[in-house]
Amino acid sequence: MTSLSQEQATATLSHERASETGWRRARTNRSLSEVFGTIATRPKGSTFKKLLAFLGPGYLVAVGYMDPGNWATSLAGGSKFGYALLTIALLSNIMAILLQALCARLGIGAGRDLAQACRDAFPRWVSWPLWVLAEVAICATDLAEVIGTAIGLNLLFGIPLELGVLITALDVFLILWMQNLGFRWIEAFIVTLLGVIAICFAIQIALADPDWGAVIRGFAPTTEVIKNPEMLYLALGILGATVMPHNLYLHSGVVQTRRFGDSVEDRREAIKLATMDSTIALMFALLINASILILAAATFNKAGKTDVAELEQVHSFLAPLLGSAIAPTLFGIALLCCGLNSTVTATLSGQIVMEGFLDIRLPPWLRRLTTRAIAIVPAAIVTIWYGEKGTAGLLILSQVILSLQLPFAVVPLVLFTADRAKMGPLVASTWMTVLAVLTAAIIIGLNAKLLFDQAMGEAPLDVALVSGLVAAVAIGGSIWWIRRRTA
């Protein structure tokens, strides 16, 4: 018998190590390898100083929770039902905080982003369809973001929608330039635009002068949401469209741009700080989403305009309702900044998904162009084909596609972080896993109802309840079996 070659021996050793750690195959490339571990952190000092080095990835994630695709549901909810659906925005944000905490735990604890984890944990006949679904989700995300950016350019500068769509594709060169300067430049760009959005909405809300007592009461749970079918439908839309699949891939990758120690204690502290970063950023996202709903409630609902959902409608109605010519301009600026931010983070997500699932080895600039083209080209073609009159329908279509893909990202995330064989001592705690299973079940149930509504008309709430119960039993049973097998 001939001895194994060095290459075969290395491959065998890698396979043995992968099996010992609960993965089917060993880790190869790092996530976002060109910027992996490029940002130094503070091993010593106060918690505040340590946190400053970790602030950044959470704000890239927060962008996905306030993208143009979510504006329509917030505007429709505020114009039709006033402040009542603020409680749903709060519930959605709590669910998002939990899932993004699991993403940070996976990226730091397992050293893999979600795409790499799927590739290394599942056979190819499972991981390849997951890759295709992830690419479809990013295309749908890009669809909403391209439309939002193009509408923003049209409202502010009169640029035709078709030309605006093509302009959004140039963001790939912006990212290439900023990434050469350092990943902190990308984070600074995102945070700056988020600051502009916040200022725009702060001014608009000051002009609208909402009923702050009603705003506070709007965050309190109410049975009216369940009793009123129309309110329930919008609430389901807000909940179902809040958690974006691409954000789960994005966060588990960009959190690894930080450089920290390899010990369990170092990584445990890194998980804590990364979770604090994403929680702070997502509370900021809640502030923006709530501002959109409050603005719609204080202007359109107050004036009796209860059917406002189109972004162009909002722009044209704000000036006469608020008595200020600057209000529509501020809305357009916020929309444009939101669209630009979203296209940047979608580009990074596309790179993480393609590199993670396929383990491709290309020069950074070629990888960036390839992954961006896969997402932006279909989105641009569909947007130009439908034209300006079809933007509302396209936004709805993008949310339905995202709803369909979401379980295929959430369920693997929950399974991986609950598996001690894969996560070791950094496995998610039992209480976090239980909450994650409930969150996944709620999301799956509500999205099942949304999809049923789109296909068959308005469905009873039983569709959501049964789907969520089946999902909870399936996910919980899988976790129990995994933990029993690896005990």
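Worth saying up front: this structure is predicted, and the values here are computed from it rather than measured. (Residues numbered from 1 in each chain as written. Predicted model: local features only at pLDDT ≥ 70, side-chain atom pairs only at ≥ 80, totals over all residues. Heavy atoms only, no water.)

(A) Looking closely at the overall build of the chain. Scanning the chain from N- to C-terminus turns up 23 helices and two strands. When the 487 residues of the chain are sorted by exposure, 56% land in the buried category. Taking all contacts inside the chain whose residues are at least 6 apart in sequence as the whole, residues at least 24 apart take part in 83%. With an accessible surface of roughly 20100 Å², the chain has 67% of that area assigned to carbon and sulfur atoms. (Helix = DSSP H or I, 4+ residues; strand = E, 2+ residues; numbered from the N terminus. Buried < 20%, exposed > 50% of the residue type's maximum accessible area, 1.4 Å probe, protein only. Contact = heavy atoms within 4.5 Å. Areas by Shrake-Rupley, 256 points an atom, 1.4 Å probe, with all protein chains shown as cover.)

(B) Quick peek at the environment of Val-427. Structurally, the position occupied by Val-427 is in the loop between α21 (420-423) and α22 (430-456). In sequence terms Val-427 and Thr-417 are 10 residues apart; their C-alpha atoms lie 5.7 Å from each other. Apart from residues lying up to four places away in sequence, Val-427 is in contact with Arg-105, Thr-417, Ala-418, Asp-419, Arg-420 and Arg-483.

(C) Expanded view of the environment of Ile-216. Examined against the element boundaries, Ile-216 turns out to sit in helix α11 (residues 212-218). Relative accessible area serves as the criterion here: at 62%, Ile-216 is assigned to the exposed category. Linking Ile-216 and Tyr-83, residues 133 residues apart in sequence, is a C-alpha distance of 8.6 Å.

(D) Summary view of the nonpolar core. If you look at the biggest cluster of nonpolar residues, it comprises 128 residues, and the most contacted ones within it are Leu-85, Leu-114, Tyr-249 and Phe-357. Counting residues per element, this core draws most heavily on helix α15 (residues 264-301), at 14 residues. Once residues lying within four places of it in the same chain are set aside, the contact partners of Tyr-249 are Asp-113, Leu-114, Ala-115, Ala-134, Ile-352, Val-353, Phe-357, Gln-405, Phe-408 and Ala-409. Of all hydrophobic cores here, the second largest spans 10 residues; its members include Leu-51, Ala-270, Ile-271 and Leu-273. (Core = buried A, V, L, I, M, F, W, Y, C linked by side-chain atoms within 4.5 Å.)

(E) Molecular detail of the pattern of salt bridges. Counted according to the given criterion, the structure contains 10 salt bridges. Notably, a salt bridge pairs Glu-187 with Arg-184, separated by 3.1 Å at the nearest N-O pair. Here the residue Glu-187 and the residue Arg-184 both occupy positions in helix α10 (residues 183-208), the gap between them amounting to three residues, near one helical turn. Residue class for Glu-187 comes out buried when judged on its relative accessible area of 2%. A relative accessible area of 34% means that Arg-184 is categorised as partly exposed. Note that Lys-422 is salt-bridged to Asp-419, the shortest N-O span being 3.0 Å. Lys-422 gets classed as buried once you look at its relative accessible area, which sits at 14%. (Salt bridge = Lys/Arg side-chain N within 4 Å of Asp/Glu carboxyl O.)

(F) Layout of a nonpolar patch on the surface. A grouping of Leu-163, Leu-166, Ile-167, Leu-170, Phe-173 and Ile-384 is seen on the molecular surface, where their side chains present a nonpolar patch of about 540 Å² in accessible area. If you tally residues by element for the nonpolar patch, the top one is helix α8 (residues 161-168), at three residues. With respect to the helices and strands, the residue Ile-384 is situated in helix α18 (residues 364-386). (Patch = residues over 30% accessible without salt bridge, like charges linked within 9 Å, V, L, I, M, F, W, Y side chains within 5 Å.)

(G) Geometry of helix α14 (residues 245-254). Burial within α14 is extensive, with 10 of its 10 residues counted as buried. By the burial criterion, the buried members of α14 are Pro-245, His-246, Asn-247, Leu-248, Tyr-249, Leu-250, His-251, Ser-252, Gly-253 and Val-254.

(H) Expanded view of the side chain of Asn-289. When you line up the elements, Asn-289 lands in helix α15. At 2.7 Å, the side chain of Asn-289 and the backbone oxygen of Tyr-65 are in polar contact. Apart from the residues within four sequence positions on either side, Asn-289 is in contact with Tyr-65, Met-66 and Ser-74. (Polar contact = N/O pair within 3.5 Å; in protein donor to acceptor, adjacent residues only side chain to side chain.)

(I) Layout of the packing of aromatic side chains. Taken as a whole and judged by the stated rule, the model has four aromatic pairs. Relative to Phe-416, the ring of Phe-122 has its centre 5.5 Å away and its plane inclined at 40 degrees; by these criteria the two rings are tilted. Of this pair, Phe-122 sits in the loop between α6 (114-121) and α7 (124-157) while Phe-416 sits in helix α20 (residues 407-417), and the two are 294 residues apart along the sequence. For Phe-416, a relative accessible area of 2% corresponds to the buried category. Note on Trp-128 and Trp-131: the rings are 6.0 Å apart at their centroids and 75 degrees apart in plane angle, and the pair reads as edge-to-face. Taken together, the residues span about one helical turn, with Trp-128 and Trp-131 both in helix α7 at a distance of three residues. Of the aromatic side chains, those joined through ring pairs into one cluster are Trp-23, Phe-122 and Phe-416. (Phe/Tyr/Trp six-rings, centres within 6.5 Å; stacked < 30°, edge-to-face > 60°.)

(J) Structural context of the packing of α14 against helix α17 (residues 326-358). Remark: α14 packs on α17, axes separated minimally by 9 Å, with the N-to-C direction vectors making an angle of 80 degrees. In terms of orientation, α14 lies roughly perpendicular with respect to α17. Residues His-246, Tyr-249, Leu-250, Gly-253 and Val-254 of α14 touch α17, and the partners they reach there are Thr-345, Leu-348, Ser-349, Ile-352, Val-353 and Phe-357. Its residues placed into classes, the contact of α14 with α17 shows seven nonpolar, four polar and no charged. (Axes fitted to C-alpha atoms, helices over the stretch in contact; angles between N-to-C directions. Parallel < 35°, antiparallel > 145°, perpendicular 65-115°, else oblique. Nonpolar A, V, L, I, M, F, W, Y, C, P; charged D, E, K, R; others polar.)

(K) Spotlight on unusual backbone geometry. Of note, the phi angle at Leu-32 is positive, near 45 degrees, even though the residue is not glycine. Mapped onto the secondary structure, Leu-32 falls in the loop between α1 (6-20) and β1 (39-40). Accessibility expressed as a relative area gives 1% for Leu-32, which makes it buried. Non-glycine residue Asp-209 carries a positive phi angle of around 50 degrees. Turning to its location among the elements, Asp-209 is positioned in the loop between α10 and α11. Asp-209 sits in the exposed class, given a relative accessible area of 56%.

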